[in-house]
Amino acid sequence: MTQLSLWLACIVCLIAGTAYFFRPKSLYTQYVGAIAIVTHTFALTQILLNRDGFNFLTIGLLIALIGNSLLWLSNRNKDLSLLLGAAFPLGAIMIALNAIEPWDLKQLHSNSWGTSAHILIASVAYSLFATACGVGILLAMQEYQLKHHKLKQLLRVPPLQVLERLMFEFIWAAFILLTITIATGFYFIEDMFAQHLVHKTFFTIASWFVFAGLLLGRYIAGWRGQLAVKLTLSGFFLLMLGYFGSKIALQILQY
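This one's a predicted model, so the numbers in the text were calculated from it and none came from an experiment.

Cut-offs used in this document
Residues numbered from 1 in each chain as written. Predicted model: local features only at pLDDT ≥ 70, side-chain atom pairs only at ≥ 80, totals over all residues. Heavy atoms only, no water. Helix = DSSP H or I, 4+ residues; strand = E, 2+ residues; numbered from the N terminus. Buried < 20%, exposed > 50% of the residue type's maximum accessible area, 1.4 Å probe, protein only. Contact = heavy atoms within 4.5 Å. Areas by Shrake-Rupley, 256 points an atom, 1.4 Å probe, with all protein chains shown as cover. Core = buried A, V, L, I, M, F, W, Y, C linked by side-chain atoms within 4.5 Å. Domains from an automatic or database assignment. UniProt positions renumbered as here; feature names shortened; annotations may be inferred. Axes fitted to C-alpha atoms, helices over the stretch in contact; angles between N-to-C directions. Parallel < 35°, antiparallel > 145°, perpendicular 65-115°, else oblique. Left-handed = near helix turned anticlockwise from the far one by under 90°. Nonpolar A, V, L, I, M, F, W, Y, C, P; charged D, E, K, R; others polar. Expected span 1.5 Å × (residues − 1). Polar contact = N/O pair within 3.5 Å; in protein donor to acceptor, adjacent residues only side chain to side chain. Salt bridge = Lys/Arg side-chain N within 4 Å of Asp/Glu carboxyl O. Phe/Tyr/Trp six-rings, centres within 6.5 Å; stacked < 30°, edge-to-face > 60°. Lys NZ or Arg CZ within 6 Å of the ring centre and 35° of its normal.

### Description of the overall build of the protein
Inference 1: Check the secondary structure of the protein and you find eight helices and zero strands.
Inference 2: In the protein, the order of α-helices and β-strands from amino to carboxyl end is α-α-α-α-α-α-α-α.
Inference 3: Buried positions account for 50% of the 255 residues belonging to the protein.
Inference 4: The contacts of the protein with a sequence gap of at least 6 include a subset with a gap of at least 24, amounting to 78%.
Inference 5: As displayed, the protein has an accessible area near 13000 Å², and 69% of this comes from carbon and sulfur atoms.

### Some thoughts on the nonpolar core
Inference 1: Phe88, Phe129, Met167 and Ile171 are the most contacted members of the largest nonpolar core, which totals 64 residues.
Inference 2: Counting residues per element, the ones that place at least two in this core are α1 (2-22), α2 (27-50), α3 (56-74), α4 (81-100), α5 (113-147), α6 (160-188), α7 (198-221) and α8 (225-252).
Inference 3: Each of domain 1 (1-109) and domain 2 (117-254) accounts for three or more of the residues forming this core.
Inference 4: Those residues in contact with phenylalanine 88 that lie beyond four places of it in its chain are Cys13, Ala16, Gly17, Tyr20, Gly33, Ala36, Ile37 and Asn68.

### As for the UniProt feature "transmembrane region" (unreviewed entry) in the protein
Inference 1: UniProt's feature table lists "transmembrane region" (unreviewed entry) at residues 6-22, 29-48, 54-73, 80-100, 120-141, 162-189, 201-221 and 233-253, given in the numbering used throughout.
Inference 2: Overall, residues 29-48 shows 100% helix and 0% strand. The separation of its end C-alpha atoms is 29 Å.

### What to know about the packing of α1 against α4
Inference 1: The N-to-C vectors of α1 and α4 enclose an angle of 160°; their axes lie 8 Å apart at closest approach. When the axes of α1 and α4 are compared, the pair comes out roughly antiparallel. At the point where α1 passes α4, the crossing takes the left-handed sense.
Inference 2: Along the lines of polarity and charge, the residues of the contact of α1 with α4 split into 19 nonpolar, five polar and no charged.

### Considering α1
Inference 1: Helix length check: α1 (21 residues) gives 31 Å between terminal C-alpha atoms against 30 Å at 1.5 Å per residue, within 8%.
Inference 2: Every buried residue of α1 is accounted for by Thr2, Ser5, Leu6, Ala9, Cys10, Val12, Cys13, Ala16, Gly17, Ala19 and Tyr20.

### Quick look at α2
Inference 1: The terminal C-alpha atoms of α2 lie 35 Å apart, and with 24 residues this matches the ideal 34 Å at 1.5 Å per residue to within 8%.
Inference 2: Buried residues of α2: Thr29, Gln30, Val32, Gly33, Ala36, Ile37, Thr39, His40, Ala43, Leu44, Gln46 and Ile47, and no others.
Inference 3: Buried residues in α2 make contact with α1, α3 and α4.
Inference 4: The backbone nitrogen of tyrosine 28 lies 3.1 Å from a side-chain oxygen of the residue at the head of α2, namely serine 26.

### So, the pattern of salt bridges
Inference 1: Taken as a whole and assessed by the stated rule, the structure comprises two salt bridges.
Inference 2: Across the salt bridge formed by arginine 218 and glutamate 164, the nearest N and O atoms sit 3.3 Å from each other. One end of the pair, arginine 218, is in helix α7; the other, glutamate 164, is in helix α6, with 54 residues separating them in the sequence.
Inference 3: Classification of glutamate 164 as buried rests on a relative accessible area of 7%.
Inference 4: The salt bridge partner of arginine 224 is glutamate 164, with a shortest N-O separation of 3.3 Å.

### Observations concerning the environment of leucine 84
Inference 1: Here leucine 84 lies in helix α4.
Inference 2: In sequence terms leucine 84 and phenylalanine 21 are 63 residues apart; their C-alpha atoms lie 8.2 Å from each other.
Inference 3: Sequence-distant contacts of leucine 84, that is, excluding residues within four places in its chain, are made with Gly17, Tyr20, Asn68, Leu71, Trp72, Asn75 and Pro89.

### Some thoughts on the packing of aromatic side chains
Aromatic ring pairs: the centre-centre distance and the angle between the two ring planes describe each pair.
Inference 1: This structure, assessed with the given rule, holds six aromatic pairs.
Inference 2: Taking the centre distance of 5.2 Å and the plane angle of 90° together, the rings of tryptophan 208 and phenylalanine 209 count as edge-to-face.
Inference 3: A network of ring pairs unites the aromatic residues Trp172, Phe175, Trp208 and Phe209 as a single cluster.
Inference 4: Geometry around phenylalanine 168 places arginine 218 over its ring, the cationic atom sitting 4.2 Å from the centre.

### Concerning the packing of α2 against α4
Inference 1: Contact pair α2 / α4: the axes reach a minimum separation of 12 Å and the direction vectors enclose 20°. By the angle between their axes, α2 is roughly parallel relative to α4. In this structure, α2 meets α4 at a crossing whose hand is left-handed. Residues Gly33, Ala36, Ile37, His40 and Ile47 of α2 pack against Phe88, Ile95 and Asn98 of α4.
Inference 2: A per-class count over the contact of α2 with α4 returns five nonpolar, three polar and no charged.

Below is the structure:
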C-alpha cells in the first residue's frame, strides 16, 4: 500500500506540474494541484504509519509537501503558476526517492515529544525558506528582464512589489521558526555540538545570522532586489548544507 501510494502521488505531482505550465489559469489545474497535495499527504502518512521510524528522505518529503501546499494556497490570489510548475515535479522526485530508497539509510527514532516538535518546527521552517527562495528567483528573473528592457520575455508572475513582499513574509515566518528550532534543539537535545550534530549546528547557526542580517538590513537600509535574493539563497544554502549535507555524510558515506 505504501509503495502504491508513493507512486500514485509521484504521477499526480508530475501531472500537476505539467498542468501549471500549460494551463495555469484553468480551474482544472487548481483541482489537480489540490489532488496532488492530498495524494502526497496520504503517501507521507502511509510511510509514517507503516515504517519503523523515518529518515532524512522522509523529512525531505515533508518539506516538499509543506512547500507545495504554501505555494498552492498563495496561488489563489497571486499568479505563482510558473513556480508551481517547477515545485510539483521537484516534489515528485522526492516522492520517487522515498519509493525506491536508493541508499540503506539509518532510521531515526524519537520517544521525546520535545524532539519530535523540534523536527516538525524545523521542517516547516525549511519549507518556508524554500518557498521564499522560489519566489526570490522569480523576483530576480523579472527584475533582470526589466533592467535589460526585455519586455517580450517578461515572466507570467505578479508585480515585483508583490513578489518582494511575499518573499519577506515567508522569510519572517521561517526566521521565527528557525529561531525556535535552534532554541528547542539546545533545550531538548543533550549535546548540540556532539560529533554527529556539529556540522548541522554550525551551518544552522550560520544561516540564522545570514537571515538576521538580511532582515535587519531590510529594516534599517531598505535592502531589496538582487541583494535580498542573493542573501536569501545564501542563507538557504547554508541551512540545506547543514541538514542534508550532514545527513548524507553520516548516513550514506558513513563519515
